[in-house]
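Okay, here's what each chain looks like letter by letter:
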Amino acid sequence: MGTAFQSKHVVRPSGYFRQCIATRFGCHPLFRRSRICALRVHASNAGAAIPVSPQASAAHDVSWVARTVEFLRVFPQEAIDWWRVDSPSAKPTGNPVKLGPVIAKLWSLCAPDIPLLVLASTFMVTASVCELSIPHFATKSIFAASEGTSSAAFSGFLSILTCMVMMYGVAAALRGLCFSILNNRMTRRLRTELFASLARRETAFFDGEDVGNLTSRLQADCQAMTKVIATNANIAIRNLLQAVGGIVYLYVLSPSLCAITVAITAVLWAVTLIYGAFARRMQKIFQDVLAESNTVAEEALTLSRVVRTFGTEATETRRYTSWLDRLYEVGKRQAAGYALFVAAGHIACYASKVAALTVGCGMVLTGNLTAEQLTNFIMYVEFVTYASLNVCDEFTEICEAVGASERVVAMLGAPPAPQIAAGATLPSFRGQVTLRDVSFSYPSRPGQLALDNVSLTFPPGKLTALVGLSGSGKTTICALLQRLYDPTDGQMLLDDMLDLQKADATWYRTQIGVVPQEPRLFSRSIAANITYGMEHDPPNQEDIEEAARAANAHDFIMALPEGYNTSVTDKLLSGGQKQRLALARALVRKPKLLVLDEFSSALDAESEAQVHVALDRAMSARDRTVVVIAHRLSTVRHADCIIVMDKGKVYEMGSHHGLLARRGIYWQLVCRQQYGIDPSNAAAVSETDSHSILAAAAASAVAAVATAESPRAVSAFPSVISSIGISRDSFDAELYQGSDDSDNSVTSRASSYIISHGSSVSLEEALSGSTSGVVLGDATDDASCSSNDEASGADGNSHGNMVLGSSGGASMAGSLGTMDEDNDEAGRPAAAGAGRMSAVLASVVVSVSAGHHPQPGIEGQQ
Ligand SMILES: Nc1ncnc2c1ncn2[C@@H]1O[C@H](COP(=O)(O)OP(=O)(O)OP(=O)(O)O)[C@@H](O)[C@H]1O
């Protein structure tokens, strides 16, 4: 490897020159990898450590001629390659925008300000005419003075000249003022139009766009675009007028000299057209790179806390700098192109002057032209060539602006999202939404079904919960309910009457309230955040406070310095406070359909319980459909219907008890989440209802431990309790406190313990097996669930009733089943102790039943 590289590094003839050139020209990932660049990379990779043999060194010395030849051979191609730059943006903008559409767009932006434009143009023409006449009257004054014909003629010319200069000054100033105002008005109009167009775009558009990129379009690109009329076109037209006027004047003076001037000016124009195309392309790339760098900067600044947490300040700075480097590389090529253009322009200018002087002097010598005419001519040649140069210069800037405006024009032309269109309304919406054979793929992932043929109904006035593993499609259903997207297939019906896609967007948004997974706040007052979107029908302060109370937000709002008038931003409140504000925002609208996506994820247990009470209150009238997504299953167990999603399909649905009995995904989730046991172990127990299994297991375990009947249970005990973070001492202290009694009294204490944590039935009663048959589940519960989805396997009603036998521990289920109920009368979750304890105890029995052997390390701690 080293040898191979060494020969490449030393023997190849053009290495040195290539490196020199590569260093000067620079190589960057953005630019196509030229051979010079490739060599440079090789050289830098090799480093100085690679040994160079004496023979190779001699070869190096003698081969410089060959290297020079090689360099001269390669250089032209390398130099051409250097100019080739690609845009970093992979997003197609459709057909490249031509000058015409941009000018048309600019004209439409300018249309409301026609009077101002006319005024500005009048001043522009006046200034141009005055400026055009200045050389004429200057020459006249000079020759009047030098020929001494008459002082009156001289002073007359001088007066006119002075007048022209003053008029020019005033007209130029007013021209600048008017165009400047026009520029500001157009920029404001363009930004408004672009922002409105962006705001109306479909949700999928924002899924694929970076905010930094869009703000760059709004700022830099809009500015560059409107500058065309107010600055570039203004200067270009002024100079064009002067150039045309000058050429006419020159033609009157001498048609042949005029022809020479026009020919040279034509060369200048040809150069300009070539450069214009280059400038347009480079400017587009420049704007794209600028937008990317903005995206990186915005991302790093927005996620500043993440950056700080991970200590990646330097990495982010490097990432941003790498984009700035790319910007610099594009800028370098723009500068080099402009330098070539300016050189060509000035050479053409002076060439026309020299040509006019040469031919003109010859004509003076032959008596075909007077000295005054030649002087006049030379002054106008200069005038015309500089005016042409300015026109060309502005033309290239116009081309650059066209490059910059390509994406702006494409964005402006995009149609608004169908989800905000007007449509039909229902005279009275009951709040029922039915999904009929709905499939959905996100536009950014067309091949992947996020929802697969889902059919279900959210009945009016009922609480429906969506649960399932992460990525199963719950939030997607919420997104469809909010009509952020439309289904790829199937229908969503409101009250079985109106297809959601045909519903009036404004009307539908007044019917729905949403608390999203990550609520965001606007930088305005608390009250304004709560009433956001209700400008057409603003609620009064009482309504706002009522909603805030219902969302358990009133107290913390009142503790803020200015109460409801306190200004907040998205960062000035805690996650739980933001969620409560979002809930208040949803409730104040008094929606028929309330969608809560993980609304309690940032709430503490107390707040969550209070919000549940608030929700119950809000639902008590049963005039509102509520859809709740929750990972925390304790929040959904009292739902009228629980829908369990898996891989984009409805896997099962039913009431809490019905689903537990079904022993499907929901049962597994409950085992893991609420009882902390592995469902595969729990499955080894023979009883069919998980709820009673756990309770029975708990009771058996207490009995086993207390009477030491089961050595395995006793030995497994420490590992189980330590695995869920309860120390053996504290457990013993609680369970065996003061125990020197008989087995019975230990059992009795265990019973008391369980009872004190939520059970209402004694353990002895349970142990006696007196409860012989228990009905769990609720036959009527599942009536709230309905699915049209035959294929999904959802089975809403078949598990509504669950009758347990009386064998073994199951006989205790009825009595201990209540121990596990984790809500008190007010709907609050009961003390966690009972649940945890039952989990511990259940785990012991489950471990023993499944032949689980405690881990040696843990067992050794006994
Ligand atoms: N904007 C998006 N663009 C493309 N795919 C998406 C988008 N949002 C979600 N998905 C995909 O759609 C599928 C369903 O996602 P969804 O957010 O609905 O799941 P979820 O059940 O709500 O998950 P979680 O409980 O983690 O919020 C996932 O595979 C996810 O990667």
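- UniProt's Subcellular location (unreviewed entry) comment on the protein is quoted here verbatim: "Membrane".

1. Points about the overall build of the protein
- Looking only at helices and strands, one finds 32 helices and 14 strands in the protein.
- Relative to its full complement of 862 residues, the protein shows a buried share of 48%.
- Across the protein, the fraction of contacts at a sequence separation of at least 24, relative to all contacts at a separation of at least 6, is 77%.
- Accessible surface, the protein as shown: approximately 39500 Å² in total, 59% of it carbon and sulfur.

2. Let's talk about the pattern of salt bridges
- Using the criterion set out here, one finds 15 salt bridges in the structure.
- Two residues, E299 and R319, come together in a salt bridge whose shortest N-O distance is 3.0 Å. Remark: R319 occurs in helix 13 (residues 313-365) and E299 occurs in helix 11 (residues 255-302); sequence separation between them is 20 residues.
- E545 serves as the salt-bridge partner of R549, at 4.0 Å between the closest nitrogen and oxygen. With R549 and E545 both in helix 18 (residues 541-550) and four residues apart, the pair spans about one turn of that helix.
- Salt bridges sharing common partners tie together D113, R185 and R189.

3. Concerning the sheet that holds strand 10 (residues 625-629)
- Spatial strand order, 6-9-10-3-11-12: six strands in an open sheet with mixed pairing. Among the strands making up the open sheet, the edge pair consists of strand 6 (512-515) and strand 12 (649-654). On average, each strand axis in the sheet is inclined to that of its neighbour by 20 degrees, with strand direction left out of account.
- In the sheet, strand 9 (residues 593-597) pairs with strand 10 via five bridges, with the strands oriented parallel. Across the sheet, residue L594 finds its bridge partner in strand 10, namely V626.
- On the sheet, helix 15 (residues 474-481) packs against strand 3 (463-468), strand 6, strand 9, strand 10 and strand 11 (641-646) and is oriented at approximately 150 degrees with respect to strand 9.
- Across the sheet, helix 20 (residues 575-587) is in contact with strand 6 and strand 9; its angle to strand 6 comes to roughly 175 degrees.

4. Some points on the environment of S155
- When you line up the elements, S155 lands in helix 8 (residues 151-199).
- The class of S155 is partly exposed, set by a relative accessible area of 35%.
- Remark: the alpha-carbon pair of S155 and A145, spanning 10 residues in sequence, is separated by 9.0 Å.

5. Overview of the side chain of S388
- Tracing the sequence through the fold places S388 in helix 14 (residues 371-412).
- By relative accessible area, which is 3% here, S388 ends up buried.
- Apart from the residues lying within four places of it in its own chain, the contact partners of S388 are A243, T265 and L268.

6. Things to note about the side chain of T531
- With respect to the helices and strands, T531 occurs in the loop between helix 17 (526-530) and helix 18.
- The class of T531 is buried, set by a relative accessible area of 16%.
- Every residue in contact with T531, bar those within four places of it in the chain, is listed here: P539 and I544.

7. Description of helix 13
- End to end, helix 13 covers 75 Å across 53 residues, agreeing with the expected 78 Å (1.5 Å per residue, within 8%).
- Of the residues trailing helix 13, G367 is marked for its positive phi of about 80 degrees.

8. Examining the site of the ligand
- Around the ligand lies a shell of 17 residues, among which S470, G471, T475, T476 and H631 are the nearest.
- R445 places a side-chain nitrogen or oxygen 3.0 Å from an oxygen atom of the ligand.
- If the ligand stood free it would expose 630 Å²; the protein chains cover 74% of that surface.
- Here the shell around the ligand takes three residues from helix 15, the largest share from any one element.
- Its residues placed into classes, the shell around the ligand shows four nonpolar, 10 polar and three charged.

9. So, the nonpolar core
- Membership of the largest hydrophobic core comes to 45 residues, with the highest contact counts inside it found for I530, I557, V636, I642 and Y666.
- V438, L451, L494 and V650 belong to the second largest nonpolar core, which has 35 residues in total.

10. Comments concerning the environment of W107
- By secondary structure assignment, the location of W107 is in helix 6 (residues 99-110).
- Note on W107: relative accessible area 46%, which makes it partly exposed.
- For the pair W107 and I229, spaced 122 residues apart in sequence, the C-alpha separation works out to 8.6 Å.
- In this view, W107 contacts I114 and L117; residues no more than four positions away in its chain are not counted.

11. A short note on the pairing of strand 11
- Where burial is concerned, most of strand 11 is hidden: six out of the six residues are buried.
- Inspection of the sheet shows strand 11 paired to strand 12 by five bridges, in the antiparallel sense. Paired with V644 across the bridge in strand 12 is E652.
- Hairpin connection, strand 11 to strand 12: the antiparallel pair is bridged by two residues, and K647 has positive phi, about 50 degrees.

12. Focus on the sheet that holds strand 4 (residues 489-494)
- Ordered by their spatial adjacency, four strands build an open sheet running 2-1-4-5, and the pairing between neighbours is antiparallel. With partners counted over all chains shown, the strands left at the sheet margins are strand 2 (449-458) and strand 5 (498-499), one partner each.
- Relative to strand 2, strand 1 (residues 433-441) runs antiparallel, the two sharing six bridges. Of the residues in strand 2, the one forming a bridge with F440 is L451.
- This element, helix 15, spans strand 1, strand 2 and strand 4 of the sheet and lies at about 65 degrees to strand 2.

13. Quick word on the UniProt feature "transmembrane region" (unreviewed entry) in the protein
- Here the UniProt feature "transmembrane region" (unreviewed entry) sits at residues 114-134, 154-182, 235-253 and 259-278.
- What you have in residues 114-134 is 100% helix and 0% strand, and the ends, taken at the C-alpha atoms, are 30 Å apart.

The rules we used
Residues numbered from 1 in each chain as written. Predicted model: local features only at pLDDT ≥ 70, side-chain atom pairs only at ≥ 80, totals over all residues. Heavy atoms only, no water. UniProt positions renumbered as here; feature names shortened; annotations may be inferred. Helix = DSSP H or I, 4+ residues; strand = E, 2+ residues; numbered from the N terminus. Buried < 20%, exposed > 50% of the residue type's maximum accessible area, 1.4 Å probe, protein only. Contact = heavy atoms within 4.5 Å. Areas by Shrake-Rupley, 256 points an atom, 1.4 Å probe, with all protein chains shown as cover. Salt bridge = Lys/Arg side-chain N within 4 Å of Asp/Glu carboxyl O. Pairing = 2+ DSSP bridges. Axes fitted to C-alpha atoms, helices over the stretch in contact; angles between N-to-C directions. Expected span 1.5 Å × (residues − 1). Near = heavy atom within 4 Å. Polar contact = N/O pair within 3.5 Å; in protein donor to acceptor, adjacent residues only side chain to side chain. Nonpolar A, V, L, I, M, F, W, Y, C, P; charged D, E, K, R; others polar. Core = buried A, V, L, I, M, F, W, Y, C linked by side-chain atoms within 4.5 Å.

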